[in-house]
Amino acid sequence: MLAEAVESYAYLWRDDEHQLRWVIWNTAAGAEVFDRETNCPLPIDDEEIRREVLSRMRAAGVPEGDDYPGHPCA
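Source: prediction; values computed, not measured.

Conventions adopted
Residues numbered from 1 in each chain as written. Predicted model: local features only at pLDDT ≥ 70, side-chain atom pairs only at ≥ 80, totals over all residues. Heavy atoms only, no water. Pairing = 2+ DSSP bridges. Helix = DSSP H or I, 4+ residues; strand = E, 2+ residues; numbered from the N terminus. Core = buried A, V, L, I, M, F, W, Y, C linked by side-chain atoms within 4.5 Å. Buried < 20%, exposed > 50% of the residue type's maximum accessible area, 1.4 Å probe, protein only. Contact = heavy atoms within 4.5 Å.

Visitor: Can you tell me about the pairing of strand E2 (residues 30-35), naming the residues and giving the values?
Guide: With six bridges joining them, strand E1 (residues 22-27) and E2 adopt antiparallel strand pairing. Paired with tryptophan 22 across the strands is aspartate 35, a residue of E2. Between the end of E1 and the start of E2, which pair antiparallel, lie two residues. Looking at chain direction, E2 and strand E3 (residues 40-42) are connected through three bridges and run antiparallel. Bridge pairing in E3 places valine 33 opposite leucine 42. Here E2 hands over to E3 after four residues, with asparagine 39 in that stretch at a positive phi of 65°.

Set out below in C-alpha coordinates:
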(Lines give C-alpha, C1' and ligand atoms only; values in the text may rest on other atoms or scores of the structure.)
Protein backbone atom coordinates (compact mmCIF):
# COMPACT_ATOMS: atom_id res chain seq x y z
CA MET A 1 0.00 0.00 0.00
CA LEU A 2 2.87 2.41 0.78
CA ALA A 3 4.37 1.76 -2.66
CA GLU A 4 1.07 2.57 -4.36
CA ALA A 5 0.67 5.76 -2.36
CA VAL A 6 4.22 6.87 -3.19
CA GLU A 7 3.75 6.04 -6.89
CA SER A 8 0.68 8.26 -6.98
CA TYR A 9 3.15 11.16 -6.60
CA ALA A 10 5.50 9.93 -9.37
CA TYR A 11 4.65 12.96 -11.54
CA LEU A 12 6.73 15.02 -9.10
CA TRP A 13 9.97 13.37 -10.22
CA ARG A 14 9.10 11.90 -13.62
CA ASP A 15 7.21 14.64 -15.46
CA ASP A 16 9.75 16.31 -17.74
CA GLU A 17 7.09 18.74 -19.01
CA HIS A 18 6.91 20.32 -15.55
CA GLN A 19 10.56 19.80 -14.68
CA LEU A 20 10.96 23.19 -12.99
CA ARG A 21 7.43 23.37 -11.61
CA TRP A 22 8.17 21.21 -8.55
CA VAL A 23 10.99 21.94 -6.11
CA ILE A 24 11.96 20.91 -2.61
CA TRP A 25 11.81 23.81 -0.20
CA ASN A 26 13.66 23.42 3.09
CA THR A 27 11.80 25.36 5.77
CA ALA A 28 12.34 25.64 9.52
CA ALA A 29 9.56 23.06 9.94
CA GLY A 30 11.13 20.62 7.45
CA ALA A 31 11.26 19.92 3.73
CA GLU A 32 8.18 20.68 1.63
CA VAL A 33 7.24 19.86 -1.94
CA PHE A 34 6.55 23.26 -3.48
CA ASP A 35 4.54 23.92 -6.64
CA ARG A 36 5.87 27.03 -8.39
CA GLU A 37 2.82 27.16 -10.67
CA THR A 38 0.27 27.49 -7.87
CA ASN A 39 2.79 29.18 -5.56
CA CYS A 40 1.91 26.79 -2.72
CA PRO A 41 3.35 23.78 -0.92
CA LEU A 42 1.83 20.44 -1.90
CA PRO A 43 0.39 18.88 1.26
CA ILE A 44 1.47 15.30 1.94
CA ASP A 45 0.03 14.47 5.35
CA ASP A 46 1.55 11.02 5.86
CA GLU A 47 5.13 11.48 7.11
CA GLU A 48 6.39 8.14 5.77
CA ILE A 49 5.04 8.84 2.30
CA ARG A 50 6.40 12.40 2.38
CA ARG A 51 9.89 11.17 3.27
CA GLU A 52 9.86 8.62 0.43
CA VAL A 53 8.52 11.16 -2.09
CA LEU A 54 11.24 13.63 -1.10
CA SER A 55 13.88 10.90 -1.36
CA ARG A 56 12.77 10.00 -4.89
CA MET A 57 12.62 13.64 -5.91
CA ARG A 58 16.18 14.17 -4.65
CA ALA A 59 17.40 11.05 -6.45
CA ALA A 60 15.86 12.40 -9.67
CA GLY A 61 17.67 15.73 -9.26
CA VAL A 62 14.69 17.93 -8.46
CA PRO A 63 15.98 21.39 -7.39
CA GLU A 64 16.19 21.97 -3.64
CA GLY A 65 16.87 25.06 -1.57
CA ASP A 66 16.28 27.04 1.59
CA ASP A 67 15.01 30.23 -0.05
CA TYR A 68 11.31 30.74 -0.82
CA PRO A 69 10.98 29.25 -4.32
CA GLY A 70 7.77 30.99 -5.34
CA HIS A 71 6.75 34.45 -6.45
CA PRO A 72 5.52 37.13 -4.05
CA CYS A 73 1.93 36.72 -2.86
CA ALA A 74 -0.49 39.56 -3.60
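Back to the write-up after that little detour.
Visitor: How would you summarise the pairing of E1 if you had to cite specific residues and measurements?
Guide: With two bridges joining them, E1 and strand E4 (residues 64-65) adopt parallel strand pairing. The residue bridging tryptophan 25 from the neighbouring strand is glycine 65, located in E4.

Visitor: Any details on the nonpolar core? Residues and values, ideally.
Guide: Grouped together as the largest cluster of nonpolar side chains are 16 residues, with contacts concentrated most on Tyr9, Leu12, Trp13, Val33, Val53 and Met57. Listed by contribution, the elements that provide at least two residues to this core are helix H2 (11-14), E1, E2 and helix H3 (47-59). Among the elements that make up this core, the one with the highest residue count is H3 (four residues). In contact with leucine 12, other than residues within four places in its own chain, are Trp22, Val33, Leu42, Val53, Met57 and Val62.

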